[in-house]
Amino acid sequence: MTDSILSKAATMEIPINSNGDSRTAEDDGLEQDLQQVMVSGPNLNETSIVSGGYGGAAEGIIPTSSIKAPSMHHSNSNPSMMSEEATRGVAVEKFDSVKKWSINTYKCTKQMFSERFGRGTKTVDLELEAQIDVLRETKMKYEHILRLARELTNHFYNMVQTQQALGDTFADLSQKSPELQDEFGYNAETQRLLCKNGETLLGAINFFVSSINTLVNKTMEDTLLTIKMYENARLEFDAYRTDLEELSVGPRDAAAMVRIEIAQQQYQIHKDKYERLHSDVSIKLKFLEENKVKVMHKQLLLFHNAVSAYFAGNQQQLEQTLRQFNVKLKPPGSDKPSWLEEQ
């Protein structure tokens, strides 16, 4: 019976439409139903997956809304993971920086105490050290000159203000005392002339003080800052040199060779830094000496000529001295603080 059914199925005619497709009315209906479903656009969150065969029990239905896509969870976690990695990288970098600083501080402190107690060796350039000592001594002497010049300026300024007040008083009395008008008038004119020449001399002294201040607190200070960096580099260089020497006389196993290689690299780095700063200090000391001689030659000549002309009563020579050195006088009252500074 089975054979008869198979033979009948094999010889069954399959209708073919005009387009050559083997379609039936049932297939056309199914296609229309599918198109309607696609147009209506069902909510994927409300669809269900049926476990088991068609028409199975209701408890076999699993709502798709309860299923979470693993790819979406992975994409949401990427920013947080990247932030954690960045934070971890910054922390590691800071830790390495602190570690290097601690090691460097330890080595330098050890070297400093070794030198102080006479157990360590120190790299010394005798000629350069002598020049540095001369610079420090010169700076102290120039600072003393600067203090004295400022005191002279303050005292002389007070004297000029007193002369001006005295001249105004003489002029007022010459108007109110007819019997002494000429005498008060002569003294008033003398005090006015002394006050004018005093203001001119004050301009020269202020220029002198300003130039010395620039030389001491800017030019010399900049060179001393470079010297400080050079001395720190020298200490670091000797510390790493001592460390390399101690490792070189120790055992030569694999771990020791790695430490020696690292020490050799650090030694070369600090040696290059030391030599570079050594050269910078030598150049700055040379230019500083040339600049100091040039500046002081001009300022000392100005100070001498201005003071001599003032006390000789030579007003023309005093004014000519200021023009010679391009000294511009400030208008009266410009030295007074503004009302904002007085608050």
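Scope of this entry: the structure provided in the associated data block. Remember, it's a predicted structure, so these values are computed and weren't measured experimentally. (Residues numbered from 1 in each chain as written. Predicted model: local features only at pLDDT ≥ 70, side-chain atom pairs only at ≥ 80, totals over all residues. Heavy atoms only, no water.)

This part takes up the packing of helix 6 (residues 254–311) against helix 7 (residues 315–324). Relative orientation of the contacting elements helix 6 and helix 7 amounts to 160°, with a least axis distance of 8 Å. In this view, helix 6 runs roughly antiparallel relative to helix 7, as classed from their interaxial angle. Judged by the sense of rotation from one axis to the other, the crossing of helix 6 with helix 7 is left-handed. Residues Leu302, Asn305, Ala306, Ala309 and Tyr310 of helix 6 form the contact with helix 7, whose participating residues are Gln317, Leu318 and Thr321. The residue makeup of the contact of helix 6 with helix 7, split by class, is five nonpolar, three polar and no charged. (Axes fitted to C-alpha atoms, helices over the stretch in contact; angles between N-to-C directions. Helix = DSSP H or I, 4+ residues; strand = E, 2+ residues; numbered from the N terminus. Parallel < 35°, antiparallel > 145°, perpendicular 65-115°, else oblique. Left-handed = near helix turned anticlockwise from the far one by under 90°. Contact = heavy atoms within 4.5 Å. Nonpolar A, V, L, I, M, F, W, Y, C, P; charged D, E, K, R; others polar.)

Empty space within the second largest pocket amounts to approximately 330 Å³. Residue lining of the second largest pocket: Lys100, Ile103, Asn104, Lys107, Tyr240, Asp243, Leu247, Arg259, Ile262, Ala263, Gln266 and His270, and that is the complete set. Of all the elements in the fold, those that place two or more residues in the lining of the second largest pocket are helix 3 (70–116), helix 5 (181–248) and helix 6. Looking at the lining of the second largest pocket, the element that brings in the most residues is helix 6, giving five residues. Among the residues making up the lining of the second largest pocket, the classes are represented as five nonpolar, three polar and four charged. (1 Å grid on protein atoms, 1.4 Å probe; cavity = no way out; pocket = protein on both sides within 12 Å on 5 of 7 lines; lining within 4 Å. Points joined across faces, edges and corners; volume = space filled by probe spheres on them.)

Mapped onto the secondary structure, Thr153 falls in helix 4 (residues 126–176). Not counting chain neighbours up to four residues away, the residues in contact with Thr153 comprise Leu202, Ile205, Asn206 and Val209.

As a further point, take a nonpolar patch on the surface. Residues Met112, Phe113 and Phe117 make up a contiguous nonpolar surface patch of roughly 290 Å² in combined accessible area. With respect to the element layout, Met112 can be found in helix 3. Under the relative-accessibility criterion, Met112 is labelled partly exposed at 32%. (Patch = residues over 30% accessible without salt bridge, like charges linked within 9 Å, V, L, I, M, F, W, Y side chains within 5 Å. Areas by Shrake-Rupley, 256 points an atom, 1.4 Å probe, with all protein chains shown as cover. Salt bridge = Lys/Arg side-chain N within 4 Å of Asp/Glu carboxyl O. Buried < 20%, exposed > 50% of the residue type's maximum accessible area, 1.4 Å probe, protein only.)

This next bit is on the pattern of salt bridges. Within this structure, the stated rule accounts for 13 salt bridges. Ionic pairing is found between Arg241 and Glu245, a salt bridge with its closest N-O pair at 3.1 Å. Within this pair, Arg241 and its partner Glu245 are both found in helix 5, separated by four residues, close to a single helical turn. Here Arg241 falls in the buried class, since its relative accessible area comes to 14%. For Glu245, a relative accessible area of 43% puts it in the partly exposed group. A single salt-bridge network, built from bridges that share partners, covers Arg234, Asp238, Arg241 and Glu245.

As a further point, take the environment of Asp272. Assignment of secondary structure puts Asp272 in helix 6. Judged by its relative accessible area of 38%, Asp272 is partly exposed. Once the C-alpha coordinates of Asp272 and Ala233 are considered, the two residues, 39 residues apart in sequence, prove to be 9.6 Å apart.

Moving on: the packing of helix 5 against helix 6. Viewed as axis vectors pointing N to C, helix 5 and helix 6 meet at an angle of 165°, and their least axial separation amounts to 7 Å. It follows that helix 5 is roughly antiparallel to helix 6 by the angle criterion. Considering how the two elements wind past one another, helix 5 and helix 6 form a crossing that is left-handed. Classifying every residue of the contact of helix 5 with helix 6 gives 32 nonpolar, 13 polar and eleven charged.

Turning our eyes to something else, we now look at the packing of aromatic side chains. Applying the stated criterion across every chain yields a total of eight aromatic pairs. Taking the centre distance of 5.2 Å and the plane angle of 75° together, the rings of Phe156 and Tyr310 count as edge-to-face. Highlighted residues: Phe156 in helix 4 and Tyr310 in helix 6, separated in sequence by 154 residues. Accessibility classification places Phe156 together with Tyr310 in one group, the buried group. Grouping aromatic residues by their ring pairs yields a cluster made of Tyr230, Phe237, Tyr267 and Tyr274. (Phe/Tyr/Trp six-rings, centres within 6.5 Å; stacked < 30°, edge-to-face > 60°.)

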